[in-house]
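# Fold and geometry: a report
The chain contents come next:
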Amino acid sequence: MILAPRLNTELKQALVPLRRVLLPVLAISSVYNVLLLSGSFFMLLVYDDVLPSRSVPSLVSLLLMVALAYAFQALLDVVRGRVMVQVGSLFMRGISDRVLDVLSRHELTRGAMPNGTQIVRDADTVRACLSGPGPLACVDLPWIAVYLLILAIFHWNIGLLALFGVAVLVTLMLVNNRMTEPLALATMRSGARRVGLAESTLRNAETLKALGMESARQSEWHSVEAEFLRANDRFSAISSTLSGSTKAFRMLLQSATLALGAFLVIDGRATGGIIIAGSILSARALAPVEQVIANWKGMVSARQALDRLRNLFEAVPFRVAPMGLEGPRRDLVVQGLAAGPPGTQKVAVLDLSFRLSAGDALAVVGRSGSGKTTLARVLCGVWKPLRGAIRLDGATLDQWSPDEIARILGYVPQSIELFEGTIGQNIARFQPDADREAILAAANAADCHDLIVRLEGGYDHVIGAHGSGLSAGQQQRIALARALFADPFLLVLDEPNSNLDHDGERALGLAIRQARQRGAIVVVIAHRPSVIAHASHIMAMNNGRIERFETRQEFEARIASPAGSDSSLRSRPGENRSEAPPGDPSKSVESAARPVEVSE
Ligand SMILES: Nc1ncnc2c1ncn2[C@@H]1O[C@H](COP(=O)(O)OP(=O)(O)OP(=O)(O)O)[C@@H](O)[C@H]1O
């Protein structure tokens, strides 16, 4: 039933303002509904008392009283309307942090969000419903009984006619519910697909244009749009047909009451005033049902939105902020790690165990799909381990708060994503209180200060959506500065040199060496062997497992031997070989795999 969605604790909490105002709104609505009777009683008294007595003073005083009643009634209507607008806003405030939390964590813990960003629109649908006239119409519904009783007191025949009218309208309301509920769901689904397609078009405009995919996208868009409009039109058509028929039925009933009253007067069983008062009151009795039907679409959508919000909140449970710890200083230990993309059954890395100490840098190499990026993601806490653990100074990452993590971890993801804002803000990870010195220090550590000041506006240069306005290499160097901001203990760099020129490669090498000197741990994933020159350890991955784990000295000794050949480390033409480790990296030694045993 529409008024009884199943709620979880968080939604109940967000709806506490509704519970708090329920009694005051009921009280206001009671007075409001009593005042609504004033029009009918005014008619009754004018027709049955004032006209026969021909008393002008009585007429004037009655008019003043009814005017006062109307004014007060209008005031109460405004007050209860405003209260409900506040309830809507408070609901939104109550869940807005959780909406963002679910948006940022769902994909990382449960896989892709069902219906994309629909959660944002769902929160707004509930807010709009709470702030609209629907809930107030529901509050007024019980007053129908009072109106019917008064009509029955006027004359039981009139009461019976009104009761019949209410029964017809309630039946129409239930039929409406049955017919519109699946349509509301279809409207939401096609709406979500439409928004998803629009977002993807915006994101991939370049590829769509370059690959001549625009017309294919257009036909997909037309079909999604047509589906959306079809569902929406049917929903609106049913709702408006019902709303229109309700209005016509109410007018018919009002005239029928008038006719019945006239018949009763002719028959000598009622007074003239009862004809008018009864007709007005019967219309009033039906008004709340009519209001509920008029707002049905919004209420059905809000009920379904609450269901979806509950499902998402349950899928991504609220995370209590940990007590927090001192920043790590000693080591990184990976113990029996298995991990894979969230929401899938895939295990992309398995049985990974190694230990790195402060000042170490690990170069991770291996063929495409061998699990390097998966390891990077798990090391940063982006994906959760399926088995095993990652520990910094003995503690797992979830023991630090997100703010502390921002100081402990630096990450350059495989696909760089800079955000809309200035370069300074991007380097400072949008921390509102970031100091200038820390931003300059990070830019210097990434050796991109000169690159930044050459841009228009320097550190205040505004980057567009998805890093637009900067070349891929420039974005990668600023992403490195962002990772180095606030001197994190663990630096995870996923192919940080894929777009770098010679200067960029040199800057990266310098950044890794400096990070090691200040006692940080660096994990760098690279297809280009030049990075190995700056590493203390090299790990080769194959098929999600560690194939080899060795110190640089062991690596150099191994590849210097005549048997070595390792395609994953072969230099590409034009690459900077001056920084490559001694020996020929294109040679490798078979197996010698030596993942470190880590005791519990
Ligand atoms: N989001 C995902 N959904 C499903 N499978 C995934 C996802 N990400 C990675 N995989 C799979 O996990 C495996 C490891 O992928 P991963 O990206 O870790 O490899 P990689 O070594 O970093 O490759 P590359 O060098 O090409 O970046 C691959 O088989 C890949 O298909």
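Everything quoted here is computed from the prediction, not taken from an experiment.

On to helix 5 (residues 118-131). Every α-helical turn comprises 3.6 residues, leaving residues that sit three or four positions apart pointing alike. An ideal rise of 1.5 Å per residue puts 20 Å on 14 residues; helix 5 measures up with 20 Å between its terminal C-alpha atoms. Along helix 5, the positions that sit buried rather than exposed are Gln-118, Ile-119, Asp-122, Ala-123, Val-126, Cys-129, Leu-130 and Ser-131. As for helix 5, its buried residues are in contact with helix 2 (16-36), helix 4 (56-110), helix 6 (134-140), helix 8 (156-203) and helix 12 (296-315).

Under the counting rule described, the total for this entry stands at 22 salt bridges. Among the salt bridges present, the one from Arg-548 reaches Glu-547, with a minimum N-O distance of 3.9 Å. Residue Arg-548 is classed as buried on the basis of its relative accessible area, which comes to 6%. One network of salt bridges, with partners in common, ties together Glu-10, Arg-98, Asp-101 and Arg-105.

With that settled, the discussion passes to the UniProt feature "transmembrane region" (unreviewed entry) in the protein chain. Here the UniProt feature "transmembrane region" (unreviewed entry) sits at residues 21-47, 59-79 and 146-175. Along residues 146-175 the backbone is 97% helical and 0% strand, and the end-to-end C-alpha distance reaches 25 Å.

At a closest axis distance of 6 Å, the pairing of helix 7 (residues 143-154) and helix 8 adopts a crossing angle of 150°. Between helix 7 and helix 8, the angle falls in the class roughly antiparallel. Across from Ile-144, Leu-148, Leu-151 and Ala-152 in helix 7, the residues of helix 8 making contact are Trp-156, Ile-158, Gly-159, Ala-162, Leu-163 and Val-166. Counted by class, the contact of helix 7 with helix 8 contains nine nonpolar, one polar and no charged residues.

Moving on to the sheet that holds strand 1 (residues 331-339). Strand pairing within a sheet occurs via backbone hydrogen bonds; the two strands may be parallel or antiparallel. Strand order in this open sheet of four strands is 2-1-4-5, and the pairing throughout is antiparallel. The sheet is open, and its two borders are formed by strand 2 (349-357) and strand 5 (395-396), each paired with just one other strand. For strand 4 (residues 387-392) and strand 5, the ladder comprises two bridges, and the chain directions are antiparallel. When the sheet's bridge partners are listed, Arg-391 is paired in strand 5 with Thr-396. Relative to strand 1, helix 13 (residues 372-379) is tilted by about 120°, and along the sheet it contacts strand 1, strand 2 and strand 4.

Turning next to the domain arrangement of the protein chain. Once the domains are mapped, the protein chain shows domain 1 (9-315) and domain 2 (359-384 + 397-569). Once you take the C-alpha centre of each, domain 1 and domain 2 turn out to be 55 Å apart.

The end-to-end C-alpha distance of helix 18 (residues 472-484) is 18 Å, a good match for the 18 Å that 13 residues give at a rise of 1.5 Å each. Of all 13 residues in helix 18, 11 are buried; the element is thus mostly enclosed. Of the positions making up helix 18, those classed as buried are Gly-473, Gln-475, Gln-476, Arg-477, Ile-478, Ala-479, Leu-480, Ala-481, Arg-482, Ala-483 and Leu-484. Taken together, the buried residues of helix 18 touch strand 6 (409-412), helix 15 (423-427), helix 16 (436-445), helix 17 (449-453), strand 9 (490-494) and helix 19 (502-517). Looking one or two residues beyond helix 18, the residue adopting positive phi is Ala-486, at roughly 65°.

Turning next to the sheet that holds strand 6. Taken in spatial order, the six strands line up as 6-9-10-3-11-12 in an open sheet, and their pairing is mixed. The open sheet terminates on both sides in strands that have one partner only, identified here as strand 6 and strand 12 (545-551). The average angle at which neighbouring strand axes cross in this sheet is 15°, direction not considered. Running at roughly 150° to strand 9, helix 13 makes contact with strand 3 (361-366), strand 6, strand 9, strand 10 (521-525) and strand 11 (537-542) of the sheet.

Turning to the packing of aromatic side chains, a few remarks are in order. Using the criterion set out here, one finds three aromatic pairs in the structure. Ring geometry for Phe-41 and Phe-154: centres 6.3 Å apart, planes at 70°, overall edge-to-face. Residue Phe-41 is located in helix 3 (residues 38-53), and its partner Phe-154 is located in helix 7; the two are separated by 113 residues in the primary sequence. Judged by its relative accessible area of 31%, Phe-41 is partly exposed.

What follows is about a nonpolar patch on the surface. On the surface, Val-31, Phe-72, Leu-75 and Val-79 cluster together into a nonpolar patch covering about 320 Å² of accessible area. Position of Phe-72 relative to the elements: it lies in helix 4.

Let's shift gears to the nonpolar core. In this structure, Ile-427, Ile-452, Leu-480, Leu-493, Ile-512 and Val-522 are the most contacted members of the largest nonpolar core, which totals 46 residues. Counting 44 residues, the second-largest nonpolar core is a separate cluster that includes Tyr-32, Leu-148, Val-292 and Met-299.

Relative to the elements of secondary structure, Gly-359 occurs in the loop between strand 2 and strand 3. Overall, Gly-359 belongs to the buried group, its relative accessible area being 15%.

This part is about the confidence of the model for the protein chain. Predicted confidence across the protein chain gives a mean pLDDT of 85, with 92% of residues reaching 70 or more. Within the model, pLDDT remains below 50 along residues 567-600, and this stretch shows 86 contacts once partners closer than five positions in the same chain are excluded.

Bringing the site of the ligand into the picture now. Near the ligand you find 15 residues, and of these Gly-369, Lys-372, Thr-373, Thr-374 and Gln-414 are the closest. Here an oxygen atom of the ligand sits 3.0 Å away from a polar atom, N or O, in the main chain of Gly-371. Looking at side-chain class alone, the shell around the ligand contains three nonpolar, eight polar and four charged residues.

Let us now look at the state of the cysteines. Evaluated as defined, the whole model comprises zero disulfides. Just so you know, Cys-138 is unpaired, no disulfide at all, and the nearest cysteine sulfur is the one on Cys-129, 8.0 Å from it. Left unpaired, Cys-448 is separated from the closest cysteine sulfur, that of Cys-380, by 19 Å. Here Cys-448 falls in the buried class, since its relative accessible area comes to 0%.

Before going further, it helps to examine the environment of Arg-54. Looking at the secondary structure, you find Arg-54 in the loop between helix 3 and helix 4. Separated by 24 residues in sequence, Arg-54 and Val-78 place their C-alpha atoms 37 Å apart.

Attention now moves to the pairing of strand 12. Relative to strand 12, strand 11 is paired through six bridges, and the arrangement is antiparallel. Within the sheet, the bridge partner assigned to Met-539 lies in strand 12 and is Phe-549. Between the antiparallel neighbours strand 11 and strand 12 lie two residues, among them Asn-543 with a positive phi of about 55°.

Calculation criteria
Residues numbered from 1 in each chain as written. Predicted model: local features only at pLDDT ≥ 70, side-chain atom pairs only at ≥ 80, totals over all residues. Heavy atoms only, no water. Helix = DSSP H or I, 4+ residues; strand = E, 2+ residues; numbered from the N terminus. Expected span 1.5 Å × (residues − 1). Buried < 20%, exposed > 50% of the residue type's maximum accessible area, 1.4 Å probe, protein only. Contact = heavy atoms within 4.5 Å. Salt bridge = Lys/Arg side-chain N within 4 Å of Asp/Glu carboxyl O. UniProt positions renumbered as here; feature names shortened; annotations may be inferred. Axes fitted to C-alpha atoms, helices over the stretch in contact; angles between N-to-C directions. Parallel < 35°, antiparallel > 145°, perpendicular 65-115°, else oblique. Nonpolar A, V, L, I, M, F, W, Y, C, P; charged D, E, K, R; others polar. Pairing = 2+ DSSP bridges. Domains from an automatic or database assignment. Phe/Tyr/Trp six-rings, centres within 6.5 Å; stacked < 30°, edge-to-face > 60°. Patch = residues over 30% accessible without salt bridge, like charges linked within 9 Å, V, L, I, M, F, W, Y side chains within 5 Å. Areas by Shrake-Rupley, 256 points an atom, 1.4 Å probe, with all protein chains shown as cover. Core = buried A, V, L, I, M, F, W, Y, C linked by side-chain atoms within 4.5 Å. pLDDT = per-residue confidence, 0-100. Near = heavy atom within 4 Å. Polar contact = N/O pair within 3.5 Å; in protein donor to acceptor, adjacent residues only side chain to side chain. Disulfide = S-S within 2.5 Å.

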